[in-house]
Amino acid sequence: MCIRDRNRTILNFPGSTSFPSSDEVMYKDCDILIPAATEKSINKFNAHKIRARIISEGANGPTTVYADKVLEEAGVLVLPDILCNSGGVTCSYFEWLKNLGHISPGKLLRRWEEKKNIRLVQVITNKLIGNELVLTDKDMRDIRGPQEEDVVLSGLEEVLCSAYDDVKLIAKSRNISLRMAAYASALEKIDDVFKDTGLYAS
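The present account deals with the structure reproduced in this document. (Residues numbered from 1 in each chain as written. Predicted model: local features only at pLDDT ≥ 70, side-chain atom pairs only at ≥ 80, totals over all residues. Heavy atoms only, no water.)

### Re the overall build of the protein
In terms of helices and strands, the protein carries nine helices and three strands. Helices and strands in the protein line up, N terminus first, as α-α-β-β-α-β-α-α-α-α-α-α. Since a compact globule built from 202 residues should have a radius of gyration of about 17 Å, the 24 Å found for the protein marks it as more spread out than a globular shape. Principal axes of the C-alpha set define a box for the protein whose edges measure 70 × 70 × 35 Å. Counting across all 202 residues of the protein, residues that qualify as buried make up 26%. Look at the contacts in the protein between residues 6 or more apart in sequence, and 39% of them connect residues 24 or more apart. For the protein, the accessible area works out to roughly 14,800 Å², and carbon and sulfur atoms hold 57% of it. Across the protein, 27 positive and 29 negative side-chain charges occur, with their mean positions spaced 3 Å apart. (Helix = DSSP H or I, 4+ residues; strand = E, 2+ residues; numbered from the N terminus. Rg over C-alpha atoms; globule rule 2.2 N^0.38 Å. Buried < 20%, exposed > 50% of the residue type's maximum accessible area, 1.4 Å probe, protein only. Contact = heavy atoms within 4.5 Å. Areas by Shrake-Rupley, 256 points an atom, 1.4 Å probe, with all protein chains shown as cover. Lys, Arg positive; Asp, Glu negative; His and termini not counted. Charge placed at Lys NZ, Arg CZ, Asp CG, Glu CD.)

Structure below.
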């Protein structure tokens, strides 16, 4: 922060390589490129210049339809925005659920989890050593029940990993891109809800 405050820029930061424009960074040889700022940053004018093997879309819609086709033909794996940057909206959903119930996640189970973990450690200690269990403050922090942040992060991991596994399976079984598989997965879920609720005419 001192460099930025003093120079009003992070260009020429000691030990770094500076680029005159952000575009030049996108065309460097790399394993993973993460376009995370603006829409349509990868388009028909520059898609052929991309040399990354994997693109992980952090922004909304950073790759145009034309560019997507160019990248797919070049063998570049594109992890679509609908998967990669959905963590924020997922956490917003958790917050909405929390507000509906007027109770923070983990509050109901925290003490139970803590006591369960203590009992588990006691059993293991008695079986292996046979001595009385003495827990330090650090031990207690390690085995405590989940805090709200722990529950949110665990839920987020479950949702995102399950979504990726689902999309990957669809992509592989239908021989389509991850982006098309993500769309297919979403549309099938909507279709299921419409059928279950009777919104479709019989």
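Here the narrative resumes, following the displayed structure.
### With respect to the sheet that holds strand 2 (residues 54-56)
Spatially, the three strands line up as an open sheet ordered 1-2-3, and their pairing is parallel. Two strands close off the open sheet at either side, each with one partner strand: strand 1 (32-33) and strand 3 (77-79). Both strand 2 and strand 3 contribute to a ladder of three bridges, which runs parallel. In the sheet register, serine 56 faces strand 3, and the bridge partner there is leucine 79. (Pairing = 2+ DSSP bridges.)

### With respect to the pattern of salt bridges
Considering all chains together, one arrives at 10 salt bridges under this definition. One salt bridge connects arginine 179 with aspartate 68, and the closest N-O pair in it is separated by 2.7 Å. With arginine 179 in helix 9 (residues 178-197) and aspartate 68 in helix 3 (residues 65-73), this pair connects stretches of sequence that are 111 residues apart. For the pair arginine 179 and aspartate 68, a shared accessibility class is recorded, and that class is buried. Here lysine 69 and glutamate 73 are joined by a salt bridge, their closest N and O atoms 3.4 Å apart. Taken together, the residues span about one helical turn, with lysine 69 and glutamate 73 both in helix 3 at a distance of four residues. What makes lysine 69 exposed here is its relative accessible area of 52%. The class of glutamate 73 is exposed, set by a relative accessible area of 61%. (Salt bridge = Lys/Arg side-chain N within 4 Å of Asp/Glu carboxyl O.)

### Concerning the packing of helix 8 (residues 148-174) against helix 9
Two numbers describe how helix 8 lies on helix 9: the axes approach to 8 Å, and their chain directions differ by 110°. Judged on the interaxial angle alone, helix 9 and helix 8 are roughly perpendicular. As helix 8 runs across helix 9, the sense of the crossing is right-handed. Residues Tyr164, Asp166, Val167, Lys168, Ile170, Ala171 and Arg174 of helix 8 lie in contact with helix 9, whose contacting residues are Leu178, Ala181, Ala182, Ala184, Ser185, Glu188 and Lys189. In the contact of helix 8 with helix 9, the residues fall into eight nonpolar, one polar and five charged. (Axes fitted to C-alpha atoms, helices over the stretch in contact; angles between N-to-C directions. Parallel < 35°, antiparallel > 145°, perpendicular 65-115°, else oblique. Left-handed = near helix turned anticlockwise from the far one by under 90°. Nonpolar A, V, L, I, M, F, W, Y, C, P; charged D, E, K, R; others polar.)

### What about helix 8?
Taking 1.5 Å per residue, 27 residues should reach 39 Å; helix 8 reaches 39 Å between its end C-alpha atoms and fits that length. Contacts made by the buried residues of helix 8 are with helix 4 (81-84), helix 5 (87-101) and helix 9. Among the residues trailing helix 8, asparagine 175 stands out with phi positive, at a value near 55°. (Expected span 1.5 Å × (residues − 1).)

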